[in-house]
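Each chain, letter by letter, is given below.
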Amino acid sequence: MSKPTTKLTWCKARLGEDMNWWISEISDPVHWDVDGLGIIDPRQFQHIIDLLEPLSDYGLQNELVDDAFYSFGIDNVEEDKTVLLKRVQDSVLESEDPLFALPDVLDEEKGPYADLLDHITKLRVKMLNDLIDFSQNLTVEELEEEIREAQNADFMEGRASHFFTELTAILEYVPEGFELDDDEDAKPKTEDEELEKDLADVDAGTEVDEKIEEDDTMKWDEEEEEEEDYEETTAPPDETPEEESRKNK
């Protein structure tokens, strides 16, 4: 979805030591402060799309993702390795060209990017509660508190928080002491799938019981066979004709 025309038409970005891209100049310095302003590169944004995919089963709204970013394409790479990016109207989700994505943070509290963070946080919590058997359901407040603590730690150490780090912290969040399997647990389980799992567990338990019962029976049969063999080997030998003749006299 195209955004209204603004003075934001280009920006220059440099690759930092942390391997994230940071904006050094921008066409609209009045509304945008470049101090600590990051921009998400095409590789990073593709990773974000991959992390968003499991949330589709929990109500992800793609239009919120699209509206949260300004799209930029590479116009020129300068001698100092700074990249000149030009604003484009293409959807960052649908474009076939590699695009940089600048979050719309003009209104940090109620803007499109803030709405997206709120949206994916709720969906991540919903997914975790569905896939992990917590003793008590995880809350949005608990997730937000942990992420806020990590951001504060970065700030105290003089590190700027990049948008890519902020997004992946939410999309990859799992409470300490728990983990998610990559395959079957990536999607919610339907009632039929839960029933099939329960039946499979019952069948597995029955097979074990039958095997134990069969093993015990076979052992009993073996003991009976050993007793019969013992009786046969300990029976007195047949009498010879001479011994039988003496007994008759």
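Residues numbered from 1 in each chain as written. Predicted model: local features only at pLDDT ≥ 70, side-chain atom pairs only at ≥ 80, totals over all residues. Heavy atoms only, no water.

A. Fine view of the pattern of salt bridges. In this structure the tally under the stated criterion is seven salt bridges. For lysine 86, the salt bridge goes to aspartate 75, with nearest N and O atoms at 4.0 Å. With a gap of eleven residues between them, lysine 86 in strand β5 (residues 83-88) and aspartate 75 in strand β4 (residues 69-77) connect regions that are remote in the sequence. The class for aspartate 75 is partly exposed, based on a relative accessible area of 43%. Between aspartate 154 and arginine 159 there is a salt bridge whose closest N-O contact spans 2.5 Å. Classification of arginine 159 by relative accessible area gives partly exposed; the value is 44%. In the salt-bridge network here, residues are joined through shared partners; they are Lys12, Glu25 and Glu78. (Salt bridge = Lys/Arg side-chain N within 4 Å of Asp/Glu carboxyl O. Helix = DSSP H or I, 4+ residues; strand = E, 2+ residues; numbered from the N terminus. Buried < 20%, exposed > 50% of the residue type's maximum accessible area, 1.4 Å probe, protein only.)

B. Representation of the sheet that holds β5 in the model. The six strands are arranged β3-β2-β1-β5-β4-β6 in an open sheet whose pairing can be described as antiparallel. Taken across any chain shown, the strands that pair with only one partner, and hence form the sheet edges, are β3 (38-39) and β6 (100-103). Bridge count for strand β1 (residues 10-15) against strand β2 (residues 21-26) is five bridges, and the pairing is antiparallel. Bridge pairing in β2 places cysteine 11 opposite isoleucine 26. (Pairing = 2+ DSSP bridges.)

C. Here's a closer look at the pairing of β6. Neither face of β6 is left uncovered, since the one carrying Phe100 and Leu102 and the one carrying Ala101 and Pro103 both have all their residues buried. Across four bridges, the pairing between β4 and β6 is antiparallel. Across the sheet, residue serine 71 finds its bridge partner in β6, namely alanine 101.

D. How the structure looks around helix α5 (residues 163-171). Of all nine residues that make up α5, seven are buried, and the element is covered over most of its length. Regarding α5, the residues found buried are Phe163, Phe164, Glu166, Leu167, Thr168, Ile170 and Leu171. At its buried positions, α5 is contacted by β3, α1 (42-52), β4, β6, α3 (112-131) and α4 (140-156). (Contact = heavy atoms within 4.5 Å.)

E. The arrangement of the environment of arginine 14 in detail. Within the fold, arginine 14 resides in strand β1. A sequence separation of 68 residues divides arginine 14 from threonine 82, and the C-alpha atoms of the two residues are 4.9 Å apart. If we ignore the near neighbours within four places in the chain, the residues touching arginine 14 are Asn20, Trp21 and Trp22.

F. The nonpolar core, seen in detail. Judged by nonpolar contacts, the single largest core of 50 residues is most densely connected at Ile39, Ile40, Phe69, Phe72, Leu102 and Ile120. Residue contributions to this core peak at nine residues, all from α3. Each residue touching isoleucine 39, except ones within four places of it in the same chain, is listed here: Cys11, Ala13, Trp21, Ile23, Gln44, Phe72, Leu85, Phe100, Ala101, Leu102 and His162. (Core = buried A, V, L, I, M, F, W, Y, C linked by side-chain atoms within 4.5 Å.)

G. Just the pairing of β4, in detail. Pairing geometry for β4 and β5, over six bridges, is antiparallel. The residue bridging asparagine 76 from the neighbouring strand is leucine 84, located in β5. Between β4 and β5, which pair antiparallel one after the other, the connecting turn spans five residues, and lysine 81 there sits at a positive phi close to 75°.

No statement about biological role is implied by the geometric values presented.
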